[in-house]
Amino acid sequence: MQNSTPSFLIILILSFFGCQSPEEGSGVPTFEISEGSISDFDEVISSIEFIPLKNNAESPVNLNCSVWKLEVTADYLVYSTICNPEAKIHLFDLSGNYIKSLAKNGNGPEEYQTIQGTYLQLDTLSIAVGAGQIKQYSFPDFNYLQNISLNEAVMFLPNFTEISKNKWLTSPMFNGEVDENGEFNIFKIMDSSTGEISDLPIKATPLAAEIGEGEFEKLDKSLLLNFPFSDTIYQYKNEQVTPYAFLNFGDRKPTQEDMKMDGAQLEATVTKQPFVINMGKIWHTDDVSRLKTFALAKNPEMDITNMRTFPVHEVFLNHKTNQVTAFKSLAGWSNGKGDAQDGYFYDVLRTDDWILALENGALGKYGEQLEKMIDELGDFEDSILIKYQVKQ
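Conventions used here
- Residues numbered from 1 in each chain as written.
- Predicted model: local features only at pLDDT ≥ 70, side-chain atom pairs only at ≥ 80, totals over all residues.
- Heavy atoms only, no water.
- Pairing = 2+ DSSP bridges.
- Helix = DSSP H or I, 4+ residues; strand = E, 2+ residues; numbered from the N terminus.
- Axes fitted to C-alpha atoms, helices over the stretch in contact; angles between N-to-C directions.
- Phe/Tyr/Trp six-rings, centres within 6.5 Å; stacked < 30°, edge-to-face > 60°.
- Buried < 20%, exposed > 50% of the residue type's maximum accessible area, 1.4 Å probe, protein only.
- Lys NZ or Arg CZ within 6 Å of the ring centre and 35° of its normal.

Chemist: Got a sec to walk through the sheet that holds strand E2 (residues 30-32)? Specific residues and values, please.
Modeler: Strand order in the open sheet made by the 5 strands is E2-E21-E20-E19-E18, with mixed pairing throughout. Only two strands of the sheet have a single partner each, and these edge strands are E2 and strand E18 (215-219). When the angles between neighbouring strand axes are averaged without regard to direction, this sheet yields 25°. Looking at chain direction, strand E19 (residues 222-226) and strand E20 (residues 232-237) are connected through 3 bridges and run antiparallel. Across the sheet, residue Leu225 finds its bridge partner in E20, namely Tyr234.

This is the structure:
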């Protein structure tokens, strides 16, 4: 394995922006994000569609896994339930009717023992299976194609995307190694043909790894990058990294001293909700970026043993108007990843999620629409996909 350093140009660009306050940035927008950005769910969205994921009638599968990923194509809903060792990938039509599942759990050359992450590109489904290995299957028929080796030292790879032939942008799980400043590079480019690994010049402290890995979202011919505790959304384009948007949490931004905490200190501190946490999620469609935050509005009744009490909000940044809107998350502190395309955001509400949303009135005026659908379905106890637009 070889490690290469990023080009001088990329370092210069990141250094330039890193030495400035957001207000001094040259044309990079700053979004003021505060508790005042929060509104009720039905005041933030302009339309919503509820799509029940109808289970396999002959042999029901578990659609309520706590770790999941949804990808939407022109013809299908691709729903990965990553409950290892029984992880599966399920295919539904756009109305939520079950079609089939990829369930090749095993030790054979065409099988996987675990699913760490998935990436769907046109007619190829890539699955990270551990030790830097990616197994590829044809889509939508799920026939095995090949195995790709990135680097066996990469033990856990939840987020990855192919950026050119043999080159993959990744954000692997933190391996515990830091530089002299106590930081690590959160994004890496891996070359499957040479084994070479190069770091993007975006660094984080180990505290970020307590929340999760970095994420990326396609924007035209570039990628938007986000990671836990970041106050900047970055853009990766033409092998260069530049700031795309600054996030200003005001006096509730974590301090440099806060960022030096370890996991135990974070757990002891987080119940007090002293600062806002950008949780590192990223979606983007039609000039609107979506993030997740923790403690944008404090919950005095938060219970560290009950994740349902965690104050998590979905935050939307309108890049045309520079406006920020947010609503209390329906899924809360979730290990799920929805989708965004063609002006719509997609999420999956597991059974407990949509039952709770109805009980506490979180859907507002849209609650009746969901209740009517549930009544028409009869004895329905599975997950529901929501497809919604945000007011602009």
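Read on, since the account is not over.
Chemist: Give me the lowdown on the packing of aromatic side chains, citing residues and values where you can.
Modeler: Across all of its chains, the model carries 24 aromatic pairs by this definition. Aromatic pair Phe316 and Phe327: ring centres 5.5 Å apart, planes at 35°, arrangement tilted. Residue Phe316 is located in strand E25 (residues 312-318), and its partner Phe327 is located in strand E26 (residues 324-328); the two are separated by 11 residues in the primary sequence. A relative accessible area of 1% means that Phe316 is categorised as buried. When the ring of Phe316 is compared with that of Tyr388, the centres are 6.4 Å apart and the planes differ by 85°; the resulting orientation is edge-to-face. One end of the pair, Phe316, is in strand E25; the other, Tyr388, is in strand E30 (residues 384-390), and 72 residues separate them in sequence. Linked through ring pairs, Phe41, Phe316, Phe327, Phe345, Tyr366 and Tyr388 together constitute an aromatic cluster. Lying over the aromatic face of Trp283, Lys337 brings its terminal NZ or CZ to 4.3 Å of the ring centre.

Chemist: So what's going on with the pairing of strand E5 (residues 76-81)? Residues and values would help.
Modeler: Taking burial as the measure, the 6 residues of E5 include 5 buried ones, the bulk of the element. In the sheet, strand E4 (residues 67-72) pairs with E5 via 5 bridges, with the strands oriented antiparallel. Looking across to E5, one finds that Leu70 is bridged to Tyr79. Hairpin remark: E4 followed by E5, antiparallel, with 3 residues in the connecting loop. Sheet analysis places E5 next to strand E6 (residues 88-93), joined by 6 bridges and oriented antiparallel. Residue pairing for E6: Leu77 is matched across the bridge by Phe92. Hairpin connection, E5 to E6: the antiparallel pair is bridged by 6 residues.

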